[in-house]
Structures are given as structure tokens and as C-alpha cells.
Amino acid sequence: MNATAKSTLNIRFAGLGGTGVIRASDIFADVAFRTGHTVKKAEVHGMSQRGGSVQSDVRFGEEVNSPMIPGGSCDFLVVLEPTQVELVRGGLKPGGVLLTPAEIPARRLPSAKALNVALLGRLSRHFDFPEAVWSESLRAHFPAKLHAANGAAFELGKNS
Amino acid sequence: MLLSGNEAVALAARHCGVALGTGYPGTPSTEILESFGALGGKAQWAPNEKVAAEVALGAAFAGARVICTMKHVGLNVAADVLFTMAYSGVDGGYVLIVADDPGMASSQNEQDSRRYAEAAAVPMFEPSDSQDAYDLMGAAMETSVRWKIPVLFRMTTRVCHSKSPVRPKFPLGAPLPPGVASAGVPEFVRNIATHVMVPGYAKPAHRRLRAKLDEIQLWNDAEGPNRVERRSGTLGVITAGISYHHVREAAPDASILKLGMSHPMPLKALADFAASVERCVVIEENDPWLAAGCLAAKLAVEAKDDSVYRFGELDVDRVRRILAGDNRPEAVPPRGRPPELCSGCPHRSSFEVLKELDCIVAGDIGCYTLAALPPIAAMDMMIDMGAAIGMGLGLRHVLPPEQARRVVSVIGDSTFLHGGLPGLVEMAYNPPSTGHVLLILDNGTTAMTGQQDHPGTGRRLDGTATYRVSYEDMARAAGVQRVFAVNPVRGKAKLKELLAESLGRNELTVIVARSPCILAAGSILAFEKEKMASTACQPENPAQT
């Protein structure tokens, strides 16, 4: 699978409110957009979602219609919270890729909060988005003091 | 650029010369004003939607272009303004942006604001994505200016919060062209007959309004922001808003009439389209409003089955089923974990106390409404903003005294200022024989919608300092003798003691449980420090008892 696929690719991020689901999907959507794709992204958010189940959909390709991924058609499902895996697994299409925190060696994360960026690193292996675009987007989405840690987390995920 | 619908509409407001944006926070509309302010627009939060709509109206009477933002239930609060400013019309431009929440992602109902457009007789625009929101905002403002009429701009949760690409007219961050920056230079022009809606002036105003609508309908039919995508001759779909994208994906071969302006309905365009296909289906979220309009005009269209599809938002799968005539009950999706109060949230302590004292809690709207859910389950009723006080008083008036003395009205700081003040006055005016207890949970922010400021925080939307109202002073001024402030976390035992004592007295008591939202505490502390340093003034709030 690569970033120049003609058909729409569906990537769902899932977890609990406050775990970085929205941020991860923002960064992924931004990277897809910066590399020239039509992108749509949909989620339901609000501070009242804190601690509750959260999902954010990113769809990209040449033409994207609905911003919401239809049932059972996720090409990638990135779950940031182990308790949420069973809840969302049904969204994956046959042969789709499921990524969970189990992919990442937790003790090597610079901080627990960087799990979302590490999983983006892991996800990046499936796309041919240039490295520079990823790091540009990561820097644009976090304050400067987190740039080094996020760079490390992304690398960790990419090489996991 | 990739923008949410909320960001796109804010950018468009900047690009059509909006001089003032006002509103009250409410998911999913909140980020519109925040973005408008961040883009350099003059943006401010009002205490509630009615006041916001009135501030905007004054500015529009003065000839300015304005936006006013709120969620769907906020329009109930502002409805009084809406119905009569439709009569008066405006001198500048007025777009009232209302965000509906089909499926109730973060709301107490899924009312359909399109009915307000029809009931108040004002035009309504409905964008389907961010580019559409940007383009239609411009069209909505032009319509308002041309016909001197307030215009409703209906967004929905998925349009507000979804991100999609936008090509704006002017580059982001560049100075606006002079013609845009100076759109509608405000100037007072006395015109009592159009601005004072007494019966003598309102009767002709109503006729003027209906005449405007007739003209706008003709314009909408001839050159409104509606689009026909001609494909199959066998299936045609009439739709608007986010549903358009679901339809395009579910039925790639269907012909589509996509409405950008849904009220007044372009009946001729609808009739021509319906007649041009063998089967014509109306696809819309929530109420069968478009379908009813088409059927009333005797158009040959099919509506969705409302025993199934009136509830919740639509998506591609549901649209496929509607088109296939599949009206079987739907599978219930797996339930995720519900949201909960943050660990360390001061509301937890307050509700633990209420639960320990077995209080009957008339509650209100905010993060603390989560205390109605297990395991806390210590809120007994919640309906609308400010209702805690009135409902609590009603309970007290009729319950037997031993039950009445367990009743407490519980309301948050922002909600108290929004809709609770008249309730406070009612409490002093018609006190129940057992007295009453009002608990104001002051966490120093409008927490649920993402920490917006309000008149009780002493900070404006742009973060600058302003006067801070005191709940304690307001309670005393209303006529409540027993007024206290307690920290519900550090002073939890004290809160319990005070509440228990107050419940037993046949008097009126207001207790302010004051402890900052843990997510906002850092920002509140930094603001207080800066303010103390710059003014070297005394703390404004009385010492805690």
C-alpha cells in the first residue's frame, strides 16, 4: 500500500478522550494533505468526551466523499488504548491493518503521552510520505519543548 | 489549507467584512468565535445566546456586518430575538450561525433548526463541508445585506468538526483588501418605524418580511447556491448539508440536487429535478422537513422511513439502506466507555457530599452533568440551561417537608450566569416554606465546551482582563441572607457540614463551591498572578469562609 493509491484510504484512530487520538489524526491528515492528497477527517469531540471512547476518521485519496468511514472498511485501525481494541475491531476491513500499543516497547517511550506519536511512526511504515513532511507536521502540532521527545518516539515506532 | 467547518466559516466571516462576532459556547459551534478572534476579528462571549443575538442586532442596526454563534438549543434561548428581528430586518448584515447536533454527540436533544427558519421566516443556508461553509458564508452575508434580513446558517456536528480542504478568496494572514475591511461602516440612522416593533409598526413589518421572502424565493430558484449533478435518469436525490457527501458515496450514479439555501425552498428547481428522474428520494438528517416541503408542493418524491431514520445522524451505510428501502430495525452499535469526570475534578467532591447527604439534586448543564451517570449517579434531573433553580424550587413547593428539605439546586458558574440569574431572583421572590439551597459549582471556566471564559472569570475571549462578577454579591443583592463560599476539595468536610445545616433550616442559602477545573487551573493561576502583579490590587472575591 502506498501514498499514491487512487482509491480512498481509510484510517481510523481510536482510544479514550485525553490519550492523543485527535492529535494523532490531525497530524496524519496534515501529512496526507501536505503530500497533495484530498483529505477529510471526522470526529466527535468536546471536553465532555474526556475519559470516554473517542474515534477519529481520516480518509484520503484523489476524491473523498463522506468524511466518515463506512462500516467495516478501515484500511488501518490505530488504537491508542488496549481496552478499546475489541470495541472498534469490527471497523477493520478484511485484510486491514490493526496497530495497537502492543506494537511499541512502552519502556522505551520518552513519555507515556508520546504513544500517539510512536504509533504514527509505526503507521508511517505503510506509506511513502517523505520523512521531512512527517517531521514538519509533528513540529507544527507540538510546542518546541516536545520536539526532541516526539522525534524519538516517532523513530521508535517506525523501527518497532 | 485543511480546515474544520468552524474554522472555514470564521475565515469567511473575516473575508466578508464582519465587524463583530458574538455568541455563547456550545458544542459543536464553539470554535467558530475562537477562530474568528484568532484570525484578528473582534470576537466576544456573551453571558447567553439571547444577549449575544441582541448585541449583534444592535451592531447590525448600526450598519455593521455581524455573526452570532450558538448551538441548536442556544437558538431556543435566542428565539425571542430571532422572531422579531426578522420583522425589523437589519441595516447592515446579520448571519446567525446555529450548530445542530444530530445524534446528540454532546447535547440534550436533537432538535432541527430548519424549523426555526420556517417559523421565523428567515433565509437558511446549509453547508456540506468546509469549502461549502466558506463559500456559503459569503453568500449568506450578501443575502442578508441585499434584503436587509437576518439569515440563519445551519451547520451540524460533522460539518463543524470535520476537516477538509479549503481554497479561500484571500491568502491566510494577508491584510484584507480595503473594500472588505471597510464593509458596512457603522453609522446611526434614526428609523423608529423599522426598529421599534410596536403593533403599529410591526404589522407593516410582517408584510414587508413576507414580501422579502417571496423575492428571495424567486432568487433562490433562479440563481441560488444550489447545484444539480446530472447522472442517472432513474435515481435522483434531493439533499443538503453533510448528507450530500454520504449520498455521493452511497450512490455514485445518482443524479443529485444539492441545496445550499434550503429556506425559502427553491420549489421550481425542486419540481424540475423531481420530474427529471424516474425515482426521486429526499435524504436528510433528523426531521422530514425538506420532504414535507416537497410533498406539500405535490412533488413526486419519497421520504426516508422516520420510524428508523429520524433518529441519529446519517452515514454512508444508512443512506444505502434508505435508498434500498431497507427499513428494518438497525443493529445497535457497540457501546464505548462513556465520558466521566476527570480524576481530581472538584465536582467529584461536591457530588460525593450531595450523595452522602442523600440530597434530591435538581441539576444543570455542564461537565458536572456526568455526575448523573454511575457510579456517582447523584443528579436527579437535568433539562436545560438554568433549570436547576426553578426545578428545585418547584420540588420544594410541593414535596412533603421531610423530602423538600433534601432538595438542592446545583448549577455551574457559566450556566448560572447564562440562565440561572432569573431563577435566583425567583428563589428570593417566592421562597418555599422549607427554604432552599442553591449550590453554585464555580470551577472558574466554561469547562465542558473547552474552557471558555465568561463574566465570572474576569477574562474576555481574547484573554484580556475585565470586570469579574461575584456570585456572592449577586445572591445577597437578590435577597438571600445566607451566602457562603467553600473549597469543595480542601474543605470537603466543611461543605458537608454547611450543606447539612442549611438543608435543615427553613431559609434560603447559596453556597459557592469554588475550586478550579483541574484542566484550567494552570491557566487561571497564571492569569491571576499576572493580574496581581500588574494592578497590585486586592483579591476581588471575599475570603473563603
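Residues numbered from 1 in each chain as written. Chains lettered and ligands numbered in written order. Predicted model: local features only at pLDDT ≥ 70, side-chain atom pairs only at ≥ 80, totals over all residues.

**Re the overall build of chain A**
Here's step 1: Check the secondary structure of chain A and you find 5 helices and 5 strands.
Here's step 2: Moving toward the C terminus, one meets the helices and strands of chain A in the order β-α-β-β-β-α-β-α-α-α.
Here's step 3: Against the globule reference of 15 Å for 160 residues, chain A gives a C-alpha radius of gyration of 14 Å, in line with a compact fold.
Here's step 4: A total of 160 residues make up chain A; the buried ones form 51% of that total. (Helix = DSSP H or I, 4+ residues; strand = E, 2+ residues; numbered from the N terminus. Rg over C-alpha atoms; globule rule 2.2 N^0.38 Å. Buried ≥ 20, exposed ≤ 12 C-beta atoms within 10 Å, placed from the backbone.)

**Side note on the overall build of chain B**
Here's step 1: Of regular secondary structure, chain B possesses 22 helices and 18 strands.
Here's step 2: Taken over C-alpha atoms, the radius of gyration comes to 25 Å for chain B, in line with the 24 Å a tight globule of 545 residues would show.
Here's step 3: In terms of principal-axis extent, the alpha carbons of chain B reach across some 75 × 60 × 50 Å.
Here's step 4: Put simply, chain B has 545 residues, and 55% of those count as buried.

**Examining the interface of chain B and chain A**
Here's step 1: Chain B puts 31 residues into the contact, and the matching count from chain A is 28 residues.
Here's step 2: Elements with a contribution of two residues or more to the side of chain B that touches chain A: α7 (157-161), β8 (163-165), α11 (243-250) and α15 (316-323) of chain B.
Here's step 3: Broken down by element, the residue count for the side of chain B that touches chain A peaks at 4 residues, all from α11(B). (Contact = placed C-beta atoms within 7 Å.)

**Here's the deal with the pairing of strand β2 (residues 20-23) of chain B**
Residues and elements named next belong to chain B.
Here's step 1: The side-chain alternation of β2 yields two buried faces, one formed by Leu20 and Thr22 and the other by Gly21 and Gly23.
Here's step 2: Pairing of β2 with strand β4 (residues 65-71) involves 4 bridges; the strand directions are parallel. Across the sheet, residue glycine 21 finds its bridge partner in β4, namely isoleucine 67.
Here's step 3: The sheet contact formed by β2 and strand β3 (residues 43-45) spans 3 bridges and is parallel. The residue of β3 that forms the bridge with glycine 23 is tryptophan 45.
Here's step 4: Crossover handedness for the path β2 to helix α2 (residues 31-38) to β3: right-handed. (Pairing = 2+ DSSP bridges. Right-handed = clockwise from strand over helix to strand, strands pointing away.)

**Notes on the sheet that holds strand β15 (residues 407-412) of chain B**
All names here are of chain B.
Here's step 1: Overall, parallel pairing links the 5 strands, which are arranged β14-β15-β16-β18-β17 in an open sheet. Unpaired on one side and paired on the other, β14 (360-362) and β17 (482-486) mark the two borders of the sheet. The average angle at which neighbouring strand axes cross in this sheet is 25°, direction not considered.
Here's step 2: Sheet topology note: the β15/strand β16 (residues 436-442) ladder contains 5 bridges and is parallel. (Axes fitted to C-alpha atoms, helices over the stretch in contact; angles between N-to-C directions.)

**Brief notes about the sheet that holds strand β7 (residues 151-156) of chain B**
All names here are of chain B.
Here's step 1: The 7 strands are arranged β3-β2-β4-β5-β7-β6-β12 in an open sheet whose pairing can be described as mixed. The sheet is open, and its two borders are formed by β3 and β12 (261-263), each paired with just one other strand.
Here's step 2: Across the sheet, helix α3 (residues 49-61) lies against β2, β4 and β5 (93-100), angled at about 170° from β4, the strand it touches most.
Here's step 3: The sheet strands contacting helix α6 (residues 130-147) are β4, β5, β6 (124-125) and β7, and the helix crosses β5 at an angle near 135°.

**Focus on unusual backbone geometry**
Glycine aside, residues mostly have negative phi, and peptide bonds are mostly found in the trans state.
Residue and element names in this part refer to chain B.
Here's step 1: Looking along the chain, the bond that leaves threonine 27 and enters proline 28 is cis, with omega of 10°.
Here's step 2: In this structure, proline 28 sits in the loop between β2 and α2.
Here's step 3: Residue proline 264 follows histidine 263 across a cis peptide bond; omega there is -5°.
Here's step 4: Checked against the element boundaries, proline 264 lands in the loop between β12 and α12 (267-275).
Here's step 5: Even without glycine at this site, glutamine 451 takes up a positive phi of about 65°.

**A look at the nonpolar core**
A general feature of soluble globular proteins is that nonpolar side chains tend to end up buried together.
Residue and element names in this part refer to chain B.
Here's step 1: Counting 147 residues, the largest nonpolar core has Val66, Ile97 and Met137 as the members making the most contacts within it.
Here's step 2: Setting aside anything within four residues of it in sequence, one finds valine 66 in contact with Val18, Ala19, Leu20, Ala56, Ala59, Ala60, Gly92 and Tyr94.
Here's step 3: Counting 57 residues, the second-largest nonpolar core is a separate cluster that includes Ile365, Ile440, Val486 and Val512. (Core = buried A, V, L, I, M, F, W, Y, C linked by C-beta atoms within 7 Å.)

**A short note on the domain arrangement of chain B**
Residue and element names in this part refer to chain B.
Here's step 1: Each assigned domain of chain B is listed here: domain 1 (2-223), domain 2 (227-323) and domain 3 (346-535).
Here's step 2: Once you take the C-alpha centre of each, domain 1 and domain 3 turn out to be 33 Å apart.
Here's step 3: Domain 1 puts 13 residues into the contact, and the matching count from domain 3 is 14 residues.
Here's step 4: Going through the elements one at a time, α2 and β3 are the ones with two or more residues in the side of domain 1 that touches domain 3.
Here's step 5: Considering each element in turn, the side of domain 1 that touches domain 3 owes the most residues, 3 residues, to β3. (Domains from an automatic or database assignment.)

**Some remarks on α15(B)**
Residue and element names in this part refer to chain B.
Here's step 1: Of all the residues in α15, the buried ones are Val316, Arg318, Val319 and Ile322. Across the axial projection of α15, the buried residues extend over an arc of 160°, all falling on one side.
Here's step 2: Of the surrounding elements, those touching the buried residues of α15 are α11, β13 (279-283) and α14 (306-309).
Here's step 3: After α15 finishes, the residue glycine 325 shows a positive phi value of roughly 70°. (Arc of directions from axis to C-beta.)

**Points about the packing of helix α4 (residues 72-88) of chain B against helix α10 (residues 199-223) of chain B**
Geometrically, a packed helix pair is captured by the angle between its two axes and the distance between the axes.
Residue and element names in this part refer to chain B.
Here's step 1: Contact geometry for α4 and α10: axes closest at 7 Å, N-to-C directions at 85°. Judged by the inter-axis angle, α4 sits roughly perpendicular to α10. On the side of α4, the interface is formed by Ala86, Tyr87 and Ser88, while α10 contributes Ala202, Ala205, His206 and Leu209.
Here's step 2: Its residues assigned to classes, the contact of α4 with α10 shows 5 nonpolar, 2 polar and no charged. (Parallel < 35°, antiparallel > 145°, perpendicular 65-115°, else oblique. Nonpolar A, V, L, I, M, F, W, Y, C, P; charged D, E, K, R; others polar.)

**Comments concerning helix α4 (residues 131-141) of chain A**
Residues and elements named next belong to chain A.
Here's step 1: The complete set of buried residues in α4 reads Trp134, Ser137 and Leu138. Viewed end-on, α4 has its buried residues packed into an arc of 100°, placing them on one side of the element. Of the exposed residues in α4, the ones pointing more than 90 degrees away from its buried face are Ala132 and Ala140.

**Comments concerning the environment of Asn150(A)**
Residue and element names in this part refer to chain A.
Here's step 1: One can find asparagine 150 in helix α5 (residues 147-158).
Here's step 2: The spacing of asparagine 150 and phenylalanine 33 is 117 residues in sequence and 21 Å in space, taken between C-alpha atoms.
Here's step 3: Setting aside its immediate chain neighbours within four residues, asparagine 150 contacts Ala114, Val117, Leu138 and Phe142.

**Some details on the confidence of the model for chain A**
As a general rule, the predicted coordinates of low-pLDDT regions are not to be interpreted in detail.
Here's step 1: For chain A, per-residue confidence averages 92 on the pLDDT scale, and residues scoring 70 or more make up 93% of the total.
Here's step 2: The low-confidence segment residues 1-5 of chain A, where pLDDT is below 50, has 8 contacts with residues more than four positions distant or belonging to other chains. (pLDDT = per-residue confidence, 0-100.)

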